[in-house]
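Structure assessment
One-letter residues, chain by chain:
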Protein chains: 2
Amino acid sequence: VTRQTPGSPARTRSGPDIDLGLLPELMGYMLRQAQITMFQDFHATFTEMGIRPVHFAVLEVLHRNPGLRQAQAGEALGIKAANLVPLLNDLQARGFVRRDAVAGDRRSYALHLTVEGAAQLKRLQALVATHERRFAARLGPGGREQLLALLQRLTSEGSEGQAHLAMSLTARRTA
Amino acid sequence: VTRQTPGSPARTRSGPDIDLGLLPELMGYMLRQAQITMFQDFHATFTEMGIRPVHFAVLEVLHRNPGLRQAQAGEALGIKAANLVPLLNDLQARGFVRRDAVAGDRRSYALHLTVEGAAQLKRLQALVATHERRFAARLGPGGREQLLALLQRLTSEGSEGQAHLAMSLTARRTA
């Protein structure tokens, strides 16, 4: 199953006669390639279970934050209500998620994993760990930790002020 | 302009009371966060010009490979024909790209940048370089090169067989 998404790395490498110019030197382009590569592998692993990365993220967050309100879940994961509602409908229809009415607030729901949802998450966590290890192996010893630290710094706001801290942390990590 | 996309990092950090569980330890999740962060900055930089990352990628590849066929461009960048055709229509309408008929092949077009397209690409390249440097600064000295090398290894196929090579390359790079 080859999904052809913008910048699919498999396609990129299949045309060695085409010069990609500056693209492979740009972090944004390479992040997109790497993200597509990992998501495609995720899809290949979970496609039979009908689970997308966002499903896993929602189940994981509900597991860690029982009773979370719908709006909070959306905010924490950056999912718009218009996308979250059908996603939760889907997870509820599959018996993984329960929406409880909130006393005194008709417009809000408290979200919980069901027993079945918790069991499903446990299975998914094991598969996700395997998927993660498979890619970590490509990076060699310490590579995954190095990558996570770099990605964390890239997404940090106000990182100018924290640059020294971040650099000293890395220096310690890679030492 | 805050686009709320799944896993938007700004949202993630705005809810410090919500436990994201395993997610920040997963490369796929963090790659997505970092990619969204960089693409949002890209959008903020180029929104007035109506340029998305994929526009830049197409212009860059056409600049490097004049006369490229539409199918080749799609393959190199992993863009489906159904998405590439309107994209090229757009770039053609704006006077940046020219489609030339190919003798003996009615179904194919040879793609070229126009003079205006080349000038536009030059302006974009300068802006992209600024955008890249801004994020490189977050990573400290050598961080960008380290990140690009890790991403390259993550997207490499058959990396099991190349693991030793990759590791020795890194050892040299980080030494």
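Source: prediction; values computed, not measured.

Once that is clear, we can look at the overall build of chain A. A tally of helices and strands in chain A yields eight helices and three strands. Going from the N terminus to the C terminus, chain A shows its helices and strands as α-α-α-β-α-α-β-β-α-α-α. Across the 175 residues that make up chain A, the buried fraction comes to 50%. A separation of at least 24 residues holds for 56% of the contacts in chain A among residues at least 6 apart in sequence.

Turning to the pairing of strand E2 (residues 97–102) of chain A, a few remarks are in order. All names here are of chain A. The pairing of E2 with strand E3 (residues 105–113) spans six bridges and is antiparallel. The partner of Val97 across the bridge, within E3, is Leu113. Where E2 hands over to E3, the hairpin turn is made up of two residues, of which Gly104 adopts a positive phi near 85°.

To continue, consider helix H4 (residues 70–77) of chain A. Residues and elements named next belong to chain A. Of the positions making up H4, those classed as buried are Gln70, Ala73, Gly74, Ala76 and Leu77. Seen from one end, H4 has its buried residues packed into an arc of 165°, which puts them on one side. Within two residues after H4, Gly78 carries a phi angle of roughly 65°, on the positive side.

Right, let's get into the relation of the copies chain A and chain B. Superposition record for chain A on chain B: RMSD 0.0 Å, screw rotation 180°, translation along axis 0.0 Å. Viewed as a symmetry operation, the transformation between the two copies matches a two-fold axis. Same-surface contact between copies: 100% of interface residues of chain A are shared with the interface of chain B.

In this section: the confidence of the model for chain A. Low pLDDT means the predicted atomic positions in that stretch should not be read closely. Residue and element names in this part refer to chain A. When the pLDDT values of chain A are averaged, the result is 83; 80% of them are 70 or greater. Across chain A, the secondary-structure element scoring lowest on mean pLDDT is helix H8 (residues 159–174), at 37, and the one scoring highest is helix H7 (residues 143–155), at 97. For residues 1–15, every residue scores under 50 in pLDDT, and the model assigns this stretch 47 contacts once sequence neighbours within four places are set aside. Predicted complex metrics record ipTM = 0.79 and pTM = 0.79.

So, about the interface of chain A and chain B. Taken together, the contact between chain A and chain B spans 72 residues of the former and 73 residues of the latter. For the pair chain A and chain B, the two sides together bury roughly 6,800 Å², of which 65% comes from carbon and sulfur. Looking at the side of chain A facing chain B, the largest losses of area belong to Met27, Arg138 and Thr155 of chain A, adding up to 10% of the total buried there. The partner of Glu25 of chain B in a salt bridge is Arg144 of chain A, with the nearest N and O atoms 4.0 Å apart. The interface formed by chain A and chain B contains 14 residue pairs in polar contact (both at pLDDT 80 or more). Sort the elements by how many residues they give to the side of chain A that touches chain B and helix H2 (residues 27–46) of chain A lands first, with 12 residues.

Rules and cut-offs
Residues numbered from 1 in each chain as written. Chains lettered and ligands numbered in written order. Predicted model: local features only at pLDDT ≥ 70, side-chain atom pairs only at ≥ 80, totals over all residues. Heavy atoms only, no water. Helix = DSSP H or I, 4+ residues; strand = E, 2+ residues; numbered from the N terminus. Buried < 20%, exposed > 50% of the residue type's maximum accessible area, 1.4 Å probe, protein only. Contact = heavy atoms within 4.5 Å. Pairing = 2+ DSSP bridges. Arc of directions from axis to C-beta. Least-squares fit on C-alpha atoms with pLDDT ≥ 70 in both. pLDDT = per-residue confidence, 0-100. Buried area = accessible area lost by both parts, 1.4 Å probe. Salt bridge = Lys/Arg side-chain N within 4 Å of Asp/Glu carboxyl O. Polar contact = N/O pair within 3.5 Å; in protein donor to acceptor, adjacent residues only side chain to side chain.

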